[in-house]
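So you can see what is in the structure, the chains are spelled out below.
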Amino acid sequence: MTADAPPVVFDPFADGFLDEPYSHYAAIREVERVHFSEAIGQWLLLGHDEIISMLREQSVGRGDGTRFFGHYEEGSPVDLLSRDWIFGMDPPDHTRMRRLLSRAFTPRRIESMREAIEDRVGSLLDPALEAGRFDMVEDVALHLPVAVICQMLGVPEADHDECKRASSALVPLLDPVISAEQISAADVAAQWFLDYFQDLVAVRRRHLGDDLLSGLIAVEQDGSQLSRDELIGNVVFLFGAGHETTSNLIGNGLLALLRNPDQMDRLRAEPELTKNAVEEFLRYDPPVQYVGRIATSDFEIGGRQVEAGQGLLGVLGSGNRDPARFDRPDDLDVARVDCQPISFGAGIHFCIGSALARMEGRALFDALLFRTATVTLAEAPQRRAFFALRGLSSLVVDVVCP
């Protein structure tokens, strides 16, 4: 940076940031890969390797302060619901919780969901494709992950919509900007979840089945089981983690294809690339843009000295576009070689549901491209006004079926 150049500033409120944040990230990353933002009082890590180092660093933790951006009161329904979330735990509590959850959230259980996921994709696409014009977000993407996690947990079909509504009401808590109305709605949703799963857990304890909730109730290792509060809290966390992120993956991925029709054409011609394409969607426009940590002791990263107690924000959207790691990072390439996005994190907090999200995304794009001859944008896409979770509120498309 020259003496006459203005200082780089992280400003998520800048014009155009929500529509296209990546050029903003690049402008900072080109000057400082580790940048202290006076605006938010935290270190921003914008380089791929620096983010990976942070996620694996022993001198950082989640801590209670990184569960949300301070948008809850002690003793509130949100506070009570989230106290036992694995999302906010450090070792040794995290180690114990992760071990218990992993025993119920096994690759075998995920694989057993494949047929059900494909069936659900079909049931959502049938009326949409018949109509010829539909909203991929409202009609499909928001429903698929909720239906899948509800089925896994054994939640009755009649309660799926209410679970979707409550899960959506909790999402704004992850964002640095939230209104009083959203906080109030989140508390109502948290209380609903607490009441609902307290009752459902009681039923399952009397009659264990082969669903995930029964598995979490029964799981035990080294004489340790999930407490009722841990069980309910982390079941709800699975909703939030698996609902919005997967629906954002679908919406962002389809929009990327619509804006890059040559890549959609290639996927139609080479459907075996769908698995790789989902990885590229996660890299190109990731559903989660930031991941936070707190320094538990002094350490150095990227040539900058971080002090204990300071906050760090790994900008996943920037790391996934880092030219030091990815060739032509701003291009969408469904056949990209060695496409390994950091969208699911790294280290001990690597997303436990990543395999499920990938399976849902692949099932959706496989079916959509197989069953249509063309998919075109019918209306201007509408983006949700969230910074941390990046997704669309509307993506209306026209389809022609063969």
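A few points on the structure. Quick caveat: nothing in here was measured; it's all calculated off a predicted structure. (Residues numbered from 1 in each chain as written. Predicted model: local features only at pLDDT ≥ 70, side-chain atom pairs only at ≥ 80, totals over all residues. Heavy atoms only, no water.)

### A few points about unusual backbone geometry
With omega at 5 degrees, the peptide bond leading from Pro-91 into Pro-92 counts as cis. Here Pro-92 lies in the loop between α3 (77–82) and α4 (93–104). We note that Arg-328 has phi near 45 degrees; this positive angle belongs to a residue other than glycine. One can find Arg-328 in the loop between α15 (316–319) and α16 (354–371). Relative accessible area serves as the criterion here: at 39%, Arg-328 is assigned to the partly exposed category. Located in the positive-phi region is Asp-338, a residue other than glycine, with phi close to 55 degrees. Tracing the sequence through the fold places Asp-338 in the loop between α15 and α16. (Helix = DSSP H or I, 4+ residues; strand = E, 2+ residues; numbered from the N terminus. Buried < 20%, exposed > 50% of the residue type's maximum accessible area, 1.4 Å probe, protein only.)

### Things to note about the environment of Gly-319
By the secondary structure assignment, Gly-319 is in helix α15. For Gly-319, a relative accessible area of 0% gives the class buried. As a C-alpha pair, Gly-319 and Asp-49 span 270 residues in sequence and 7.7 Å in three-dimensional space. Excluding residues within four positions of it along the chain, Gly-319 makes contact with Leu-46, Gly-47, His-48, Ile-51, Phe-326 and Ile-342. (Contact = heavy atoms within 4.5 Å.)

### Thoughts on the packing of aromatic side chains
Evaluation of the coordinates by the stated rule reveals 15 aromatic pairs. Ring geometry for Phe-10 and Phe-17: centres 6.1 Å apart, planes at 85 degrees, overall edge-to-face. Judged by its relative accessible area of 6%, Phe-10 falls in the buried class. Look at Phe-17 and you get buried, because its relative accessible area is 3%. Here Tyr-25 and Tyr-290 contribute two aromatic rings whose centre-to-centre distance is 6.4 Å and whose plane-to-plane angle is 80 degrees, an arrangement assigned as edge-to-face. Of the two residues, Tyr-25 sits in helix α1 (residues 22–29) while Tyr-290 sits in strand β5 (residues 290–295), which places them 265 residues apart along the sequence. Here the two residues Tyr-25 and Tyr-290 agree in accessibility, since each one is buried. Within the aromatic cluster, the residues linked to one another by ring pairs are Phe-10, Phe-13, Phe-17, Tyr-22, Tyr-25, Tyr-290 and Phe-387. (Phe/Tyr/Trp six-rings, centres within 6.5 Å; stacked < 30°, edge-to-face > 60°.)

### Considerations on the sheet that holds strand β12 (residues 396–400)
If you walk across this open sheet you meet the three strands as β4-β12-β9, and the pairing is antiparallel. Single-partner strands in this sheet number two, and they are β4 (133–135) and β9 (374–377). Looking at each pair of strands side by side, their axes are set apart by 30 degrees on average, direction ignored. Where β4 lies against β12, three bridges are found, and the strand directions are antiparallel. The residue bridging Phe-134 from the neighbouring strand is Val-397, located in β12. The strands touched by helix α12 (residues 228–259) within the sheet are β9 and β12, with β9 carrying the most contacts at an inclination of about 95 degrees. (Pairing = 2+ DSSP bridges. Axes fitted to C-alpha atoms, helices over the stretch in contact; angles between N-to-C directions.)

### Description of the pattern of salt bridges
For the structure shown, the criterion picks out 25 salt bridges. As a salt-bridge pair, Arg-120 and Glu-157 come within 3.3 Å of each other at their nearest N and O atoms. Residue Arg-120 is located in helix α6 (residues 114–131), and its partner Glu-157 is located in the loop between α8 (144–153) and α9 (160–170); the two are separated by 37 residues in the primary sequence. The exposure class of Arg-120 is buried, given its relative accessible area of 18%. The exposure class of Glu-157 is exposed, given its relative accessible area of 52%. A network of salt bridges, in which partner residues are shared, links Asp-327, Arg-328, Asp-331 and Asp-333. (Salt bridge = Lys/Arg side-chain N within 4 Å of Asp/Glu carboxyl O.)

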